[in-house]
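# Structural characterization, general
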Amino acid sequence: MIPRLRLCSYATALLVALAGCGSTERYDRTYYVLSADRPAVSARSQTDYVLDVSRFTIDSAYSGSGLVCRVGESEYESDFYNEFLAAPAAMITDKTRNWLSRSRLFRRVLDPGSRIDSTHVIEGNVTALYGDFRDRSSPKAVIAMRVFLLKAEAGREPLAVFGKTYRSSVAIESEGPEALVEALGRCLQGILSALENDLAERLENSTQSPSTKPAPRSVRID
């Protein structure tokens, strides 16, 4: 049986933080980053499209820096000592931007703050980002997010031409917070690979009429 990560509940973490106010006591924390790099630059031919990846949003339950674990149907814990180095939404946005840049689906994927006009925009919302420890013998990392591709047209509201909800869960292969972060990275890699394939198919069929906005679909990646 794999023991749970060393975690503090939200309430406990708050009490620890308050107890530290005005004292010189220091707490040892470890910081992690998500890793989800595309293996290699794609050999496919680039299109003439220019993509802007908007900053993803994230549900408030997962927006904090502490690693989150689900330990019951409605019970979650946040780790006071093991945290993401940067905001989770920012990291996932950056990984998505870098992945799609290497996919060669677009002539250019814009850097943040670029003033170049884009032909398409990616928007996303992360709805789950946690370790699932309800089954202590078989813990899993879970990421879920909604992604939309918008077509940008001068003087008009962007038109949604693609939307899908992705969910991935993979086994946590060893004990400790580092194993959870590694598994979350594999979740994100699976989602981005599926997203790339879906976008490639959508862009190849972009000559079809976009007059009807597609309803978001869902896909599980296990």
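Below is a short write-up of the structure. All residue numbers refer to positions counted from 1 along the written sequence of the respective chain. The predicted nature of this model means local features are confined to residues of pLDDT at least 70 and side-chain atom pairs, given and counted, to a pLDDT of 80 or more, with totals for whole chains, interfaces and linings taken over all residues. To obtain the side-chain values, all non-hydrogen atoms of the structure were included, while hydrogens and water were left out.

## Some thoughts on the environment of Asn-197
Quick note on the threshold: Labels follow the DSSP assignment, with helices taken as runs of H or I lasting at least four residues and strands as runs of E lasting at least two, numbered in each case from the N terminus. Each residue's exposure class comes from its accessible area (1.4 Å probe, protein chains only) as a fraction of the maximum for that residue type: buried when under 20%, exposed when over 50%, partly exposed otherwise.
Position of Asn-197 relative to the elements: it lies in helix 3 (residues 177-204). Residue classification places Asn-197 among the partly exposed residues on the basis of a relative accessible area of 45%.

## Let's talk about helix 2 (residues 88-103)
Applied cut-off: In this scheme, a helix's expected span is set at 1.5 Å multiplied by one less than its residue total.
The terminal C-alpha atoms of helix 2, which comprises 16 residues, lie 22 Å apart, in line with the 22 Å expected from a rise of 1.5 Å per residue. Listing the buried residues of helix 2 in full gives Pro-88, Ala-89, Ala-90, Met-91, Ile-92, Thr-93, Lys-95, Thr-96, Arg-97, Trp-99, Leu-100 and Ser-103.

## Digging into the pattern of salt bridges
Any two side chains of opposite charge can pair if their charged atoms end up close together. Convention followed: Salt bridges, as used here, are contacts in which a Lys or Arg side-chain nitrogen is within 4 Å of a carboxyl oxygen on Asp or Glu.
Under the criterion given, the structure shown has 11 salt bridges. In this structure, Glu-73 engages Arg-70 in a salt bridge whose closest nitrogen and oxygen atoms are separated by 3.7 Å. Looking at Glu-73, the relative accessible area reads 58%, which means it is exposed. When its relative accessible area of 12% is taken as the criterion, Arg-70 is described as buried. Among the ionic pairs, Arg-156 bridges to Glu-153, the shortest N-O distance being 3.0 Å. For Arg-156, a relative accessible area of 59% corresponds to the exposed category. Under the relative-accessibility criterion, Glu-153 is labelled partly exposed at 26%. When salt bridges that share partners are traced, they join Arg-70, Glu-73, Asp-132 and Arg-134 into one network.

## Looking at unusual backbone geometry
With a phi angle near 60°, Arg-104 is a residue other than glycine that sits in the positive phi range. Mapping Arg-104 onto the fold places it in the loop between helix 2 and strand 6 (108-109). The exposure class of Arg-104 is partly exposed, given its relative accessible area of 27%.

## Quick notes on the pairing of strand 8 (residues 140-151)
Counted only if it meets this: Pairing between two strands requires that DSSP report at least two bridges joining them.
The sheet contact formed by strand 7 (residues 120-132) and strand 8 spans 12 bridges and is antiparallel. By the bridge assignment, Asp-132 is partnered in strand 8 with Lys-140. Sheet topology note: the strand 8/strand 9 (residues 159-171) ladder contains 12 bridges and is antiparallel. Counterpart to Lys-151 in the pairing with strand 9 is Leu-159.

## A short note on the nonpolar core
The tendency in soluble globular proteins is for nonpolar side chains to be buried side by side. Heads up, the condition is: The term nonpolar core refers to a set of buried residues drawn from Ala, Val, Leu, Ile, Met, Phe, Trp, Tyr and Cys, joined through side-chain atoms within 4.5 Å.
Counting 53 residues, the largest nonpolar core has Ile-122 and Met-145 as its most contacted members. Breaking this core down by element, the ones donating at least two residues are strand 2 (50-53), strand 4 (66-70), helix 2, strand 7, strand 8, strand 9 and helix 3. With 14 residues, helix 3 is the single largest residue contributor to this core.

Purely geometric numbers; function is a separate question.
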